[in-house]
Amino acid sequence: MKIKLTEEQYRKLVLENTNRTNFMNKVYKEIKEKDIKDVFPLIVDTYGFSVDQILEDEMLYHLIGYKLLDNHNTYRYFGFNPRPYIRYINAIAEKLSDEVFESNIPPPQKSVELFNLYRLFDDSVAGNETLERIGVNGEDTIEYIFKNNPPKKAIQLLSNLPLYWDESMMNKIKDFAKRHGLTLFDKTAGLTFEKRDGMIQSLINYIQDKPKKTKAGFLEYINSRGRTSGQYSTFFRAAVQSGIIKKVRDGRTITYELGPNYEAWKNGNLVAF
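Computed from a predicted structure; not experimentally measured.

S.K.: Could you clarify how one ought to interpret helix α9 (residues 167-179) in this entry?
M.R.: Each α-helix turn comprises 3.6 residues. Residues three or four places apart therefore point the same way. The first and last C-alpha atoms of α9 sit 18 Å apart over 13 residues, in line with the 18 Å expected at 1.5 Å per residue. If you check which residues of α9 are buried, you get M169, M170, I173, F176 and A177. The arc that holds every buried residue of α9, seen down its axis, measures 125°, which confines them to one face. Exposed side of α9, more than 90 degrees from the buried face: E167, K178 and R179 are the residues found there. Measuring from the side-chain oxygen of the N-cap residue of α9 to the backbone nitrogen of S168 gives 3.2 Å; that N-cap residue is D166. G181 occupies a position one or two residues after α9 and carries a positive phi of about 70°.

In structure tokens, the structure reads:
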């Protein structure tokens, strides 16, 4: 059934729509100019937007959502007390999660975006669906990266993705590495030992040159100043963890030898994960 408006009713409708458009344009501009800590007091406390009203306005919830993500990715916290606005944050994150999961962006990018959205939720209950989506998309991400990159590069790319690696995923990666003659080791403090002319090479040279290899002896070997017992402790721990070197007890002294993964490292087949 059609409803015929009078001229006066039509003018009123146009005027209301114009006023609404002008008002929302003003709101969008204010949000763009404000820090995230000031956005929710403006939107909720000053203008009184409900959760549904925000979600129904695509520009509005995108502006707020992206500000939340940018702030959280940069500072790892919201920068304000989120408790009064948790319903809003969860609802925005949930809708953005739906958009990302249903999009056609490549699986690795989707994994990163879903992970960033998951961190917006206030607790594991609110973000459970997004967490499940990260797991589902993780399988697609592994296959996509394996298919589109050389073997070693593929594992390196996967190791830098923010995924929760379950046993099934890890088995796929280990099987893939084995089939391509690669050896994996657990990355420690971000050290991958890919650089061939760095400190790890100096340590290898020292171990091969000297009869009794100690940490203190290595620090002297590289002319390290201000030597202390804790100097380069993270580097040594990571080198042992990688299997490039190994600890050997010599009485009360800890010495070092080449480890079980040295040959893989020397041949470029050792990969941090």
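Resuming the write-up.
S.K.: Explanation requested: the pairing of strand β3 (residues 253-258) in the structure shown.
M.R.: On a regular strand, one side chain projects to one face of the sheet and the next to the other, so that they alternate. The pairing of strand β2 (residues 245-250) with β3 spans six bridges and is classified as antiparallel. By the bridge assignment, K246 is partnered in β3 with E257. Counted along the chain from β2 to the antiparallel partner β3, the turn is two residues long, and its residue G251 has a positive phi close to 65°.

S.K.: Would you mind showing me how to read the environment of D45 here?
M.R.: Assignment of secondary structure puts D45 in helix α2 (residues 36-46). Apart from the residues within four sequence positions on either side, D45 is in contact with F40 and Y85. A polar contact is formed between the side chain of D45 and the side chain of Y85, at a distance of 2.7 Å.

S.K.: Could you clarify how one ought to interpret the packing of helix α10 (residues 199-209) against helix α12 (residues 233-242) in this entry?
M.R.: Packed helices, taken two at a time, are described by the angle their axes make and the gap between the axes. Taken N-terminus to C-terminus, the directions of α10 and α12 make an angle of 70°; their axes are 11 Å apart at the nearest point. When the interaxial angle is binned, α10 and α12 end up roughly perpendicular. Across the interface between the two elements, M199, I200 and L203 from α10 touch F235, F236 and A239 from α12. Here the residues of the contact of α10 with α12 sort into six nonpolar, no polar and no charged.

S.K.: For this particular structure, what's the right way to read the nonpolar core?
M.R.: Most often, soluble globular proteins have nonpolar side chains that are buried together. F40, I43, I54, L60 and I64 are the most contacted members of the largest nonpolar core, which has 52 residues in total. Considering each element in turn, this core owes the most residues, seven residues, to helix α5 (residues 86-102). Contact partners of I64, with chain neighbours within four places excluded, come to I31, I36, V39, F40, I43, I54 and I92. Counting 21 residues, the second-largest nonpolar core is a separate cluster that includes Y206, L219, I244 and L270.

S.K.: Would you mind going over the layout of surface pockets with me for this structure?
M.R.: Over the atoms rolls a probe the size of a water molecule, and in doing so it shows where empty space is left. In this model, the largest pocket occupies a volume close to 160 Å³. Lining the largest pocket are Y66, L69, N73, L96, E99, V100, E113, N116 and L117. Secondary structure elements with two or more residues in the lining of the largest pocket: α4 (58-75), α5 and α6 (107-118). Split by residue class, the lining of the largest pocket holds five nonpolar, two polar and two charged.

S.K.: For this particular structure, what's the right way to read the packing of aromatic side chains?
M.R.: Between two aromatic rings, the relevant description is the distance of the centres plus the angle of the planes. Following the criterion strictly, the structure yields 21 aromatic pairs and no others. Between the aromatic rings of Y206 and F218, the centroid separation amounts to 5.8 Å while the plane-to-plane angle is 55°, which identifies the pairing as tilted. You can see Y206 sitting in helix α10 and its partner F218 sitting in helix α11 (residues 215-221), a full 12 residues away along the chain. Each member of the pair, Y206 together with F218, is buried. Linked through ring pairs, F185, F193, Y206, F218, Y221, F235, F236 and Y256 together constitute an aromatic cluster. Residue placement shows K110 over the ring face of F101; its charged tip is 5.9 Å from the ring centre.

About the criteria used
Residues numbered from 1 in each chain as written. Predicted model: local features only at pLDDT ≥ 70, side-chain atom pairs only at ≥ 80, totals over all residues. Heavy atoms only, no water. Helix = DSSP H or I, 4+ residues; strand = E, 2+ residues; numbered from the N terminus. Expected span 1.5 Å × (residues − 1). Buried < 20%, exposed > 50% of the residue type's maximum accessible area, 1.4 Å probe, protein only. Arc of directions from axis to C-beta. Polar contact = N/O pair within 3.5 Å; in protein donor to acceptor, adjacent residues only side chain to side chain. Pairing = 2+ DSSP bridges. Contact = heavy atoms within 4.5 Å. Axes fitted to C-alpha atoms, helices over the stretch in contact; angles between N-to-C directions. Parallel < 35°, antiparallel > 145°, perpendicular 65-115°, else oblique. Nonpolar A, V, L, I, M, F, W, Y, C, P; charged D, E, K, R; others polar. Core = buried A, V, L, I, M, F, W, Y, C linked by side-chain atoms within 4.5 Å. 1 Å grid on protein atoms, 1.4 Å probe; cavity = no way out; pocket = protein on both sides within 12 Å on 5 of 7 lines; lining within 4 Å. Points joined across faces, edges and corners; volume = space filled by probe spheres on them. Phe/Tyr/Trp six-rings, centres within 6.5 Å; stacked < 30°, edge-to-face > 60°. Lys NZ or Arg CZ within 6 Å of the ring centre and 35° of its normal.

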